[in-house]
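# Structural characterization, general
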Amino acid sequence: MNIICSKQKLQDGISIVTKAITGKTTMPVLEGIYIQATKEGLTLIGSDMDVSIKTKVEAEVLKEGSIVIDSKIFSEIIRKLPNSDVKIEISENDLVQISCEKSVFNVVFMNAADYPSLPSINEELSVEVPQNLLKNMIKQTVFAISQDQTKPILMGELLEIVDGDISLVAIDGYRLAVRSCKIDNIT
């Protein structure tokens, strides 16, 4: 892998995907950012197995490839670099070399094959919900979401769409909140 990318674009992409990386995992590879370089550009992925975020960054790809690099180290290095083009290339001894102007960093990377794949999404099945409607439905049910971290299944809401009806359900073990509405534009 060998790429050249704007520091600002790379930093923006890193800040997007690090929101999905918790750091509390039994799989060390999930503490990293998956970086894939293809002809289309750079793809960055952050995941904690429950939440995954994928973003694309414009980059000049000289050689394709993929790696996983520790998110904390990588984001700190990129943040402290000068505002210029960043060159990232795999060097010998399982090191990735990050260079920008006079700064050069050699960082150990992890095998990209160990990173879990993202679930496939059927983009043909889509639903358009007006923003105001969804926002109001969430406001009307969010009070019943559990704050107890010992019951993580209750710390979210169920979003269900059946036969043109959209329903949001939240429960915390004591309260139940349900909000349903009819929608027309299911494709």
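Above: the structure in question.
Every chain is numbered on its own, with residues counted from 1 as its sequence reads. Owing to the predicted nature of the model, reporting of local features is limited to residues with pLDDT of at least 70; listing and counting of side-chain atom pairs is limited to 80 or more, with chain, interface and lining totals taken over all residues. Side-chain numbers here rest on the full set of heavy atoms in the structure, without hydrogens or water.

What the 4 strands build is an open sheet, ordered S4-S3-S2-S6; its pairing is antiparallel. This sheet does not close on itself; its edge strands, each paired only once, are strand S4 (52–57) and strand S6 (65–70). The sheet shows a mean angle of 20° between the axes of neighbouring strands, direction not considered. One requirement defines pairing of two strands: DSSP has to find at least two bridges between them. Secondary structure follows DSSP: runs of H or I at least 4 residues long count as helices, runs of E at least 2 residues long count as strands, and numbering of each begins at the N terminus. Bridging between strand S2 (residues 32–38) and strand S3 (residues 41–47) involves 5 bridges; their strand directions are antiparallel. What sits directly across from Ala-37, in S3, is Leu-42. Two residues form a contact once any of their heavy atoms are found within 4.5 Å. In this analysis, axes come from line fits to C-alpha atoms, helices being fitted only over the stretch in contact, and the angle between any two N-to-C directions falls in the range 0 to 180 degrees. Strands S2, S3 and S4 of the sheet are contacted by helix H1 (residues 7–17), whose axis makes an angle of about 170° with S4.

Here Ser-99 shows up in strand S8 (residues 95–100). Type-normalised accessible area, obtained with a 1.4 Å probe on protein chains alone, sets the label of each residue: buried when under 20%, exposed when over 50%, and partly exposed for intermediate values. Among the residues examined, Ser-99 registers a relative accessible area of 16% and is labelled buried. Discounting residues that sit within four places of it in the chain, Ser-99 has contacts with Asp-85, Val-86, Lys-87 and Val-104.

Since the α-helix advances by 3.6 residues per turn, residues separated by three or four positions end up pointing in the same direction. Buried residues of helix H2 (residues 71–80): Ser-71, Phe-74, Ile-77 and Ile-78, and no others. Axial view of H2: buried residues confined to an arc of 140°, hence all on one face. Among the exposed residues of H2, those oriented more than 90 degrees off its buried face are Lys-72 and Lys-80. For H2, the elements touching its buried residues are H1, S2, S6, strand S7 (85–91), S8 and strand S9 (103–108). By definition, the arc is the one covered by directions from the helix axis to the C-beta atoms.

The next subject is the pattern of salt bridges. Where charged atoms of side chains with opposite charge meet at close range, the side chains can pair. Just to be clear on terms, a salt bridge is a Lys or Arg side-chain nitrogen sitting within 4 Å of an Asp or Glu carboxyl oxygen. Within this structure, the stated rule accounts for 7 salt bridges. The shortest N-O distance in the salt bridge between Arg-79 and Glu-76 comes to 2.6 Å. Taken together, the positions of Arg-79 and Glu-76, both in helix H2 and 3 residues apart, correspond to about one turn of that helix. Residues Lys-80 and Glu-76 are paired through a salt bridge, measuring 3.6 Å at the closest nitrogen-oxygen approach. Here Lys-80 and its partner Glu-76 are both found in helix H2, 4 residues apart, which amounts to about one turn of the helix. Judged by relative accessible area, Lys-80 falls into the exposed class, the value being 61%. Looking at Glu-76, the relative accessible area reads 33%, which means it is partly exposed. The network of salt bridges with common partners includes Glu-76, Arg-79 and Lys-80.

Any residue with an atom within 4 Å of a point lines the site, the site being either a cavity, points on a 1 Å grid over the protein atoms alone where a 1.4 Å probe fits but cannot get out, or a pocket, an open set with protein on both sides within 12 Å along at least 5 of 7 lines. Grid points are joined across faces, edges and corners, and a volume is the space filled by probe spheres set on the points. Reported here for the largest pocket is a volume of approximately 290 Å³. Along the walls of the largest pocket sit Thr-22, Lys-24, Asp-48, Asp-50, Val-51, Gln-149, Pro-152, Ile-153, Met-155 and Gly-156, which together make up its complete lining. When grouped by side-chain class, the residues that make up the lining of the largest pocket number 4 nonpolar, 3 polar and 3 charged. Residue polarity is assigned by list, with Asp, Glu, Lys and Arg as charged and Ala, Val, Leu, Ile, Met, Phe, Trp, Tyr, Cys and Pro as nonpolar; anything else, Gly included, falls into the polar class.

A regular strand places its side chains on the two faces of the sheet in alternate fashion. Here S7 pairs with S8 via 5 bridges, running antiparallel. If you follow Ile-88 over to S8, its bridge partner there is Ile-98. Where S7 hands over to S8, the hairpin turn is made up of 3 residues, of which Asn-93 adopts a positive phi near 65°. Pairing between S8 and S9: 6 bridges, direction antiparallel. Note that in S9 the partner of Leu-95 across the bridge is Val-108.

Keep in mind these values describe shape, not function.
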